[in-house]
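# Analysis of the macromolecular model
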Amino acid sequence: MKTFPMGGVHPSENKLSCAKPIEVLPLPEVVTIPLAQHIGAPAVAKVAKGDKVLTGQLIAEAGSFMSANIHSPVSGTVTAVDMVPNGQGLRQMMITIKREGDDWAEGIDRSETLVKACPFSAQEIIAKIKDAGIVGMGGATFPTHVKLAVPPGKKAECVIINGVECEPYLTSDHRTMLEHGEELVVGVTILMKAVGVEKAYIGIENNKPDAIAHLKQIAAGYEGIEVVPLKVMYPQGGEKQLIAAVTGRQVPPPPALPIDVGAVVCNASTTVAVYRAVQKSMPLIERVVTVTGKRLKEPKNLLTRMGTPVSTLLEAAGGVPEEASKVINGGPMMGRAMVNLASPVTKGCSGITVLSGREAVRREAAQCIKCAKCVSACPMGLEPYYLSKMTQKKGWDALEQQMITSCIECGCCQSTCPSYLPLLDWIRLGKQTVMGIIRARGAAAAPKK
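Residues numbered from 1 in each chain as written. Predicted model: local features only at pLDDT ≥ 70, side-chain atom pairs only at ≥ 80, totals over all residues. Heavy atoms only, no water.

### A word on the UniProt feature "binding site: [4Fe-4S] cluster 1" (unreviewed entry) in the protein
Stated formally: UniProt positions are given in the numbering used here, feature names are shortened, and annotations may be inferred rather than shown by experiment. Secondary structure elements follow DSSP: runs of H or I no shorter than four residues count as helices, runs of E no shorter than two count as strands, and numbering proceeds from the N terminus. For every residue, the accessible area obtained with a 1.4 Å probe (protein chains only) is divided by the maximum for its type, and the residue is called buried under 20%, exposed over 50%, and partly exposed between those limits. Contact criterion: two residues are considered in contact whenever any of their non-hydrogen atoms come within 4.5 Å of each other.
Within this numbering scheme, the UniProt entry marks Cys368, Cys371, Cys374 and Cys417 as carrying the feature "binding site: [4Fe-4S] cluster 1" (unreviewed entry). The greatest C-alpha distance among the annotated residues, which extend across 50 residues, is 10.7 Å, indicating that they converge on a single site. Along the polypeptide, Cys368 turns up in the loop between strand S17 (351–356) and helix H9 (373–377). With a relative accessible area of 32%, Cys368 lands in the partly exposed category. If sequence neighbours within four positions are ignored, Cys368 has contacts with Ser419 and Leu421. Within the secondary structure, Cys374 sits in helix H9. In contact with Cys374, not counting residues within four places along its chain, are Pro384, Tyr385, Cys413, Thr416 and Leu423.

Here it is as structure tokens:
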């Protein structure tokens, strides 16, 4: 069984909602839509307080090349364009809309009819994806049109679809592959055409045998698409780990990208969104969100409009249990604890995980015992204990030399530490600081206009 070559862990698997079909969550009365739902510059609002909007209407335009359009998930009246607290309590610019009915913008095909033939050129495909505001829906939120714009001098050789979903609780991609397999595979052919390749792989961990069998059956009718079962190992779904597992190629350290080894990687849910954007002119205004937790009354996979309050999803799953200690945006390995459940679902929100009891409590840190478990677990071959210690000492030059920017923030180091050290917390801080130093150095060296 294929896997990546170094590190990784086996967190306890709790796919509580894997057998739960996708349910459509009723439309919210009010939505709040952040202008920064993607990597890069925030979108620029194109509406103001008092404006009437339709479902699918452009309400914020990409602020730069590395940015993404945002569309209204409901029809109604804009009540505010203002700073609103997000899930971590930080205030960011959002558009608030009070829903009135569900009237859609013209030109959007809402039918479920499968459209296989794609009459558009590669440039037209990328333009339609950009117009629809498609970003990576696995959590990274990298603008998809940027990923598909292969730089001069580079050549794509294959497309890899990430159907791994290695976070131990989340199942939104799993259900999407099972219930929208035909759309996904047509989406794969569209991505292949966009980057000019004849080979595509769909990587799926072998704890999803139903999805593997289902997509193998569908892919048999399409040329050049191969479903690749992968060993269950976290973080198998990391972009660099997936490329290594499927192709055997290693992506060099930053600033190198997957395209440097000929690969373009797209999440499974993103691929379905690409199909809908290109074939149906459907913007990215909704997504499947897993709502899960051991003490949750009814874990679910909910098709949710962007901007819906997280509290609404939790209520649909039976409400937050009294004994719940922590609510996480995402999964327990890479997700962020939430302090504001009124915050909205965004393009990168694949799950809401409710933790209770011992699994929600951070243990008191002790002294490092020099066991090197964190080094063995790191899938990037880094030394997490050293990166953590040097961040505390503010040794930025040493951190850059030790390639802290290669960290994918998977949390393997922290999950294996017998001393319960907050390794990832310190490494995130160090990585953020070093990347800021690198950007500042680049800006200073750039020729002045």
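Here the narrative resumes, following the displayed structure.
### A look at helix H7 (residues 268–280)
Note the following rule: Expected span of a helix, by definition, is 1.5 Å for each gap between consecutive residues, and there is one gap fewer than residues. Between N or O atoms, a polar contact is any pair within 3.5 Å; within protein, one atom must be a potential hydrogen donor and the other a potential acceptor, and residues adjacent in sequence are included only when both atoms are from side chains.
The end-to-end C-alpha separation of H7 is 18 Å, in line with the 18 Å expected for 13 residues at 1.5 Å each. For H7, the full list of buried residues reads Ala268, Ser269, Thr270, Thr271, Val272, Ala273, Val274, Tyr275, Ala277, Val278, Gln279 and Lys280. Close packing links the buried residues of H7 with helix H1 (122–131), helix H2 (144–148), strand S9 (158–162), helix H3 (172–179), helix H4 (181–195) and strand S12 (263–267). At the N-terminal end of H7, a side-chain oxygen is found 2.8 Å from the backbone nitrogen of Ser269, two or three residues along, and the residue is Asn267. Backbone geometry just after H7 places Ser281 at a positive phi near 55°.

### Description of the domain arrangement of the protein
Applied cut-off: Domain start and stop points were drawn from an automatic or database domain assignment. The term buried area denotes the loss of accessible surface (1.4 Å probe radius) that occurs when two parts are joined, taken as the sum for both partners. The term salt bridge refers to a pairing of a side-chain nitrogen on Lys or Arg with a carboxyl oxygen on Asp or Glu at a separation within 4 Å.
Along its sequence, the protein is organised into domain 1 (122–280) and domain 2 (373–445). For domain 1 and domain 2, the distance between their C-alpha centroids amounts to 28 Å. Taken together, the contacts link six residues of domain 1 with eight residues of domain 2. Both sides together, the interface formed by domain 1 and domain 2 hides about 570 Å², and carbon and sulfur atoms give 69% of it. In terms of surface lost to domain 2, no three residues of domain 1 exceed Tyr234, Gln241 and Pro254, which account for 56% of the buried area on that side. Applying the counting criterion to the domain 1 and domain 2 interface returns zero salt bridges. The interface formed by domain 1 and domain 2 includes one residue pair in polar contact (both at pLDDT 80 or more).

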